[in-house]
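Here is how the chains run, residue by residue.
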Amino acid sequence: MRKHWNPIVLIHRTNTRPRLPFPCPDFNQSFHPSTCILINNLDHMNQDITVPPPSNSVHKPKLRPTLNSYFNKPTLFKAFFFCFLPFLISLFLIAYLNQSGNNSEMVLLAGFCNDSHIANVDSSEIKSVPFQETRTGHACSTMGEPCISCTTFNILAPIYKRLDQQNQSVRESDFRAFWLARNKKIVNWLLYERSSIICLQEFWVGNEELVHMYEESLGAAGYDTFKLARTNNRGDGLLTAIHKEYFKVLNRRELFFNDFGDRVAQLLHVQSVAPFSINQNESVQQEIIIVNTHLLFPHDSSLSIVRLHQVYQILQYLETYQRENKLSQMPVILCGDWNGSKRGHVYKFLRSQGFVSSYDIAHEYTDSDADAHKWVSHRNHRGNICGVDFIWLRNPHKSQKLLKISWAEAAFGIIKYQLKKVSLAENDAFAFLRADSSGNHITYSAFCDALRQVNLTGLSHGLSFQETKDLWVQADADGNGVVDYEEFKRIWDATWLQHMDEDCSLEDSNEGIAEDEAIGFAVKKAVLFPSDVEKGIWPENYSLSDHARLTAVFSPVRLRCSKQSL
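Remember, predicted model here, so these are calculated numbers, not experimental data. (Residues numbered from 1 in each chain as written. Predicted model: local features only at pLDDT ≥ 70, side-chain atom pairs only at ≥ 80, totals over all residues. Heavy atoms only, no water.)

This model, assessed by the stated rule, comprises 16 salt bridges. Notably, a salt bridge pairs Glu426 with Lys489, separated by 3.4 Å at the nearest N-O pair. Taken together, the residues span a long stretch of sequence, with Glu426 in helix α13 (residues 426-434) and Lys489 in helix α16 (residues 485-492) at a distance of 63 residues. Lys489 is paired through a salt bridge with Asp493; the nearest N and O atoms lie 3.2 Å apart. Sharing partners across several salt bridges, the network here consists of Glu426, Lys489 and Asp493. (Salt bridge = Lys/Arg side-chain N within 4 Å of Asp/Glu carboxyl O. Helix = DSSP H or I, 4+ residues; strand = E, 2+ residues; numbered from the N terminus.)

Right under this line is the structure:
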């Protein structure tokens with residue numbers, strides 16, 4: 001019995017040219033054309049083939065060659081089939097293994113290759129190419145008007161990506177071939193989309209090879225890159241890339257929340273390279289503030305106050321930065337993984353501060369519960385799907401609700417949620433907060449004790465003493481030192497989205513330039529990819545990340561706003 005030769009065995013034995021188990025012709029020689037004809041006509045073997053006899057022999061009858069006859073004769077086909085084909089396969093596999101890593105690592109990974117989430121790193125990405133019209137940054141309109149594009153993407157750090165659901169300790173970071181291949185695909189897609197602004201979360205800052213790959217690839221494509229690690233050596237962090245063809249970075253700041261979760265944020269103050277035209281005679285180089293962040297995951301409801309506080313710190317810093325640098329009338333774009341849906345406290349807090357979700361604006365979705373689950377962007381480690389990735393936009397406004405007022409409303413909203421979670425209706429909640437007070441009112445000490453009982457104070461990540469005091473001042477509207485039932489009812493019935501009117505409007509193109517004119521942005525388009533998530537479905541064959549990629553396009557618009565000092 002002929003011993004079959006396995007080319008894969010050759011790869012693990014040597015990295016040199018494999019020894020062949022039988023004589024093989026010189027591969028530098030070209031095959032006779034008749035051999036190619038013979039190979040190309042294997043599927044027509046039943047046809048008669050005339051074989052010319054030698055000149056010194058007697059004519060013999062025509063023979064019908066069979067497939068078996070070719071294998072029993074030392075023909076070039078036999079040499080090709082047994083020598084050249086295995087040789088080509090061997091060379092291909094050697095090159096592949098040398099590129100992906102050492103051979104032993106591939107052997108270890110073989111056990112996972114049956115998992116479609118690993119084998120097909122991004123099979124759903126092949127279905128369509130999103131956002132082709134926005135690949136060139138500003139030139140994203142068929143009418144030629146200037147636009148900017150922004151992409152936010154949690155790329156799932158390899159230190160968190162689980163490869164085996166039965167063994168949670170098996171992470172992608174242990175296998176170079178896997179995390180390198182997946183992140184190369186991510187980089188390729190980012191370079192293809194070529195957004196003006198790229199904000200990445202869960203960027204593996206702890207791996208120098210991966211950091212170098214991103215910085216080198218994005219740098220060669222014309223981006224300035226800025227990375228920021230989470231505190232306490234958590235291993236991952238943020239990466240923000242700004243395309244130099246469209247923006248120059250005027251200033252940047254790093255925000256460290258220094259609270260539970262070791263979260264951080266990046267703030268970049270940028271200016272457009274190409275001026276935005278505001279009329280036929282005048283144009284401006286628009287300045288924008290960009291923030292990239294990744295909020296804490298709500299492992300339990302007591303962490304809601306932490307996440308809200310992180311956003312509060314970002315908005316406080318924004319106000320401080322604009323005030324110290326005497327900036328006003330400037331659009332702000334907040335990007336990132338907010339780890340909360342449209343029904344959460346963070347979403348409502350940002351809405352109360354004049355921010356709009358670019359994806360929801362582009363698709364004309366409202367803040368109603370009916371539209372809350374129209375799209376998703378994340379499947380978390382618990383298997384739940386939800387929409388948590390946002391690109392927020394805030395244009396210049398004539399008037400805006402004070403940040404402290406919005407913060408107090410948001411905090412009271414969490415208090416109300418915690419009380420309702422233990423089935424306390426309005427009257428019961430008032431009695432709970434009143435505690436043992438002799439009068440029909442709530443005292444400050446009883447208020448503090450109630451907050452401690454619902455895990456909003458007394459913890460390292462809870463409300464601080466000053467924040468609790470500020471909430472009390474908001475609750476005690478008349479300042480008499482107690483909160484009566486009417487004051488409590490005002491808090492309990494407060495609605496989140498009582499916005500100040502947006503008094504900025506599109507400037508009439510027929511009117512002259514007003515002193516209070518500003519440049520803002522209109523949401524032109526927003527796309528989530530893979531496309532299934534736009535229907536509220538998470539595709540099983542997608543594993544480029546556990547988050548979808550969100551890209552939005554903005555076009556500049558003229559706004560009429562009064563001057564606002566911060």
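The discussion continues.
Moving on: the pairing of strand β10 (residues 332-337). Counted residue by residue, β10 has six buried out of six residues, so it is predominantly covered. Burial of the side chains of β10 extends over both faces: Val332, Leu334 and Gly336 are buried on one face and Ile333, Cys335 and Asp337 on the other. In the sheet, strand β9 (residues 287-294) pairs with β10 via six bridges, with the strands oriented parallel. Bridge pairing in β10 places Asn292 opposite Cys335. (Buried < 20%, exposed > 50% of the residue type's maximum accessible area, 1.4 Å probe, protein only. Pairing = 2+ DSSP bridges.)

This part takes up the packing of aromatic side chains. Aromatic rings in a pair are described by how distant their centres are and how their planes are angled relative to each other. As enumerated under the stated definition, the model contains 20 aromatic pairs in all. On the numbers, 4.4 Å between centres and 5° between planes, the contact of Tyr312 with Trp407 is stacked. With Tyr312 in helix α9 (residues 304-324) and Trp407 in helix α12 (residues 403-421), the pair connects residues that are 95 residues apart, well separated along the chain. Given a relative accessible area of 6%, Tyr312 falls into the buried group. With 5.2 Å between their ring centres and 90° between their planes, Phe430 and Tyr485 make a pair best called edge-to-face. Residue Phe430 is located in helix α13, and its partner Tyr485 is located in helix α16; the two are separated by 55 residues in the primary sequence. On the accessibility criterion, Tyr485 (22% relative accessible area) is partly exposed. Grouped by ring-pair contacts, the aromatic residues Tyr347, Tyr359, Tyr365, Trp375, Phe390 and Trp392 constitute a single cluster. (Phe/Tyr/Trp six-rings, centres within 6.5 Å; stacked < 30°, edge-to-face > 60°.)

Read from one edge of the open sheet, six strands run β5-β6-β9-β10-β14-β11, paired in mixed fashion. In this open sheet, the two strands that pair with only one neighbour each are β5 (247-256) and β11 (356-357). The strands touched by α9 are β5, β6 (264-272), β9, β10 and β14 (389-394); relative to β9, the strand with the most contacts, the crossing angle is about 155°. Set on the sheet, helix α10 (residues 345-352) makes contact with β10, β11 and β14; between it and β14 the angle comes to about 15°. (Contact = heavy atoms within 4.5 Å. Axes fitted to C-alpha atoms, helices over the stretch in contact; angles between N-to-C directions.)

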